[in-house]
Amino acid sequence: MTEVIRDDIHVRTLASGGELKFPVFYINGAAERPKVYIQANIHGPEIAGIGAIHDLLKLLEAEPIINGSLVIIPSVNPTGLDSKINGMQVGYADLNETEVGNFNRIYKMLVAPSASDDPDAPQKLALDEFVQAHLESDLPTIKAEFRKGLAAALADMQAKNQPYGFSHGQRLASIIQGLSYDADYLIDLHTAGKAVYHLYTFRECLDAVPYFDLAYTLLLEPDSFAGVLDEAFLQPWLHLRDAFAAVGRDIPFDDFDLAAFTPELGSADTLTREDMQHDAQRIMNYLRYKGVIPGEAIQHEGDYVACEHRHYRRYRATTGGLLLWHKHAGDHVRAGETIATILRTYAAEETERPIIAVEDGIMINHVESQVVHEGMGVCSVMTQLQTV
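Cut-offs used in this document
- Residues numbered from 1 in each chain as written.
- Predicted model: local features only at pLDDT ≥ 70, side-chain atom pairs only at ≥ 80, totals over all residues.
- Heavy atoms only, no water.
- Core = buried A, V, L, I, M, F, W, Y, C linked by side-chain atoms within 4.5 Å.
- Buried < 20%, exposed > 50% of the residue type's maximum accessible area, 1.4 Å probe, protein only.
- Helix = DSSP H or I, 4+ residues; strand = E, 2+ residues; numbered from the N terminus.
- Contact = heavy atoms within 4.5 Å.
- Pairing = 2+ DSSP bridges.
- Phe/Tyr/Trp six-rings, centres within 6.5 Å; stacked < 30°, edge-to-face > 60°.
- Axes fitted to C-alpha atoms, helices over the stretch in contact; angles between N-to-C directions.
- Parallel < 35°, antiparallel > 145°, perpendicular 65-115°, else oblique.
- Left-handed = near helix turned anticlockwise from the far one by under 90°.
- Nonpolar A, V, L, I, M, F, W, Y, C, P; charged D, E, K, R; others polar.
- Polar contact = N/O pair within 3.5 Å; in protein donor to acceptor, adjacent residues only side chain to side chain.

Visitor: Explain the nonpolar core to me, using residue names and the numbers behind them.
Guide: With 98 residues, the main nonpolar core has F22, Y37, I38, L60, L70, I72 and L240 as its most contacted residues. Residue contributions to this core peak at nine residues, all from helix 7 (residues 229–246). For L240, the residues in contact, after removing those within four places along its chain, are L127, F130, V131, I142, F146 and F256. Within the second largest apolar cluster, 16 residues are counted, among which are Y315, V333, M363 and V381.

Here's what the structure looks like:
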């Protein structure tokens, strides 16, 4: 049996004096590395990951050997989970703040091309200075020193903000990045509206797709930062690789042995016992693939496809009304086909308006509510598909 150690981290004090905390589970194996960081439920309605981790912890506890260490958080955002209006889960953003916005856009980039001239600004790790200092260093030294630099950047950001106080989003991001910045592999579990299972990751991590066994992959761009956790974790290392290459030292990214994934476990506000078990086994299979737990990983065979994130098309309502779906998550769509019809119940003319597919693709998710205002996002379609 493997020992699982629990700690509770304070994240917020409410006006009533109530304390919001989330549990963190630590597993320390025979060696410190590889270190795996797994979290779920940064968005309140996205509960499938909580169930997956519930079963994952049982499976890990039963393992006789762990090669490395794990930090696992089943529900990282109690504010989001507790946010309900008229019985509906709405915790994608903090209802008590205007600053936070999307809870998965709160993370900070900890590196910059060069040092800031502003002494009052948080000092990020300067890539040009770091590369010059480590032109002749071996890779283990580079990784160790880079992690120290990331820790220093995070500490400086916290110190610069501390006198003025933290917004909830700043505090939550600071805690999460403090727990995860030095991991080797990061898994951030999500869901999406009414959706099929899919995966966000970088091209450098595509080797893992058959082990997660997720048919649809969205490829994040290394130079496009939106404040998402997988980007905040892996992009600094991608930038480091590129900074070394710019001065003539090529380090294959595989040599860093780092990876980040955001598996989207189907639809929001949905949980079944069967999915909990299957999703936990999905993560276990990846851990076997990386040697964190013993046993042979299954390299599934399937028709895996991907698209660049910039080709992931978001359709929006061109008018207000009621949605009638012609296509659903997982369906192939052809250019010119009707994806949905908006029923305009108060219109004197044009009582129905179609949403027409612009290009071929696969619908990955659509909104849960069939009541839409003009401008609301209604569905997302993978286009310009590539075989993985």
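That covers the picture; the talk isn't over yet.
Visitor: Lay out the sheet that holds strand 19 (residues 352–356) in plain terms, naming residues and giving numbers.
Guide: Across the sheet, which stays open at both edges, the four strands sit in the order 19-18-16-21 with antiparallel pairing between neighbours. Looking at the sheet topology across the chains shown, the edges are occupied by strand 19 and strand 21 (371–372). For strand 16 (residues 321–325) and strand 21, the ladder comprises two bridges, and the chain directions are antiparallel. Bridge assignment links L322 to a residue of strand 21, and that residue is V371.

Visitor: Would you mind going over the packing of aromatic side chains in detail, with residue names and values included?
Guide: Going through the model one piece at a time under the given rule, you end up with 10 aromatic pairs. Where F130 meets F146, the ring centres are 5.3 Å apart and the plane angle is 70 degrees; that geometry is what we call edge-to-face. Separated by 16 residues along the polypeptide, F130 in helix 3 (residues 127–133) and F146 in helix 4 (residues 139–161) bring together distant segments of the chain. As far as burial versus exposure is concerned, F130 and F146 are alike and both buried.

Visitor: Please provide a residue-by-residue account of the pairing of strand 20 (residues 361–366), values included.
Guide: Counting buried positions along strand 20 gives six out of six residues, so the element sits mostly inside the fold. Relative to strand 20, strand 10 (residues 194–195) runs antiparallel, the two sharing two bridges. Paired with K194 across the strands is H366, a residue of strand 20. Examined bridge by bridge, strand 17 (residues 332–333) and strand 20 share two bridges and lie antiparallel to one another. Considered in strand 20, the bridge of H332 is made with I362. Pairing of strand 20 with strand 22 (residues 377–382), which is carried by four bridges, proceeds in the antiparallel orientation. If you follow H366 over to strand 22, its bridge partner there is C379.

Visitor: Quick one: what's the story with the packing of helix 4 against helix 7, residue by residue and with numbers?
Guide: Where helix 4 contacts helix 7, the axes come no closer than 12 Å and their chain directions differ by 125 degrees. Put simply, helix 4 runs oblique to helix 7. The two elements helix 4 and helix 7 meet at a crossing, and its hand is right-handed. On helix 7, the residues touching I142, K143, F146, R147 and L150 of helix 4 are P236, W237, L240 and F244. Among the residues making up the contact of helix 4 with helix 7, the classes are represented as seven nonpolar, no polar and two charged.

Visitor: Which residues make up the side chain of R12, and what values go with them?
Guide: Tracing the chain through its elements places R12 in strand 1 (residues 5–13). Reaching out from R12, the side chain makes a polar contact with the side chain of T79 at a distance of 3.4 Å. Not counting residues up to four positions away in its chain, the partners in contact with R12 are G18, E19, L20, T79, D94, N96, E97 and H168.

Distances and angles like these do not, on their own, reveal function.
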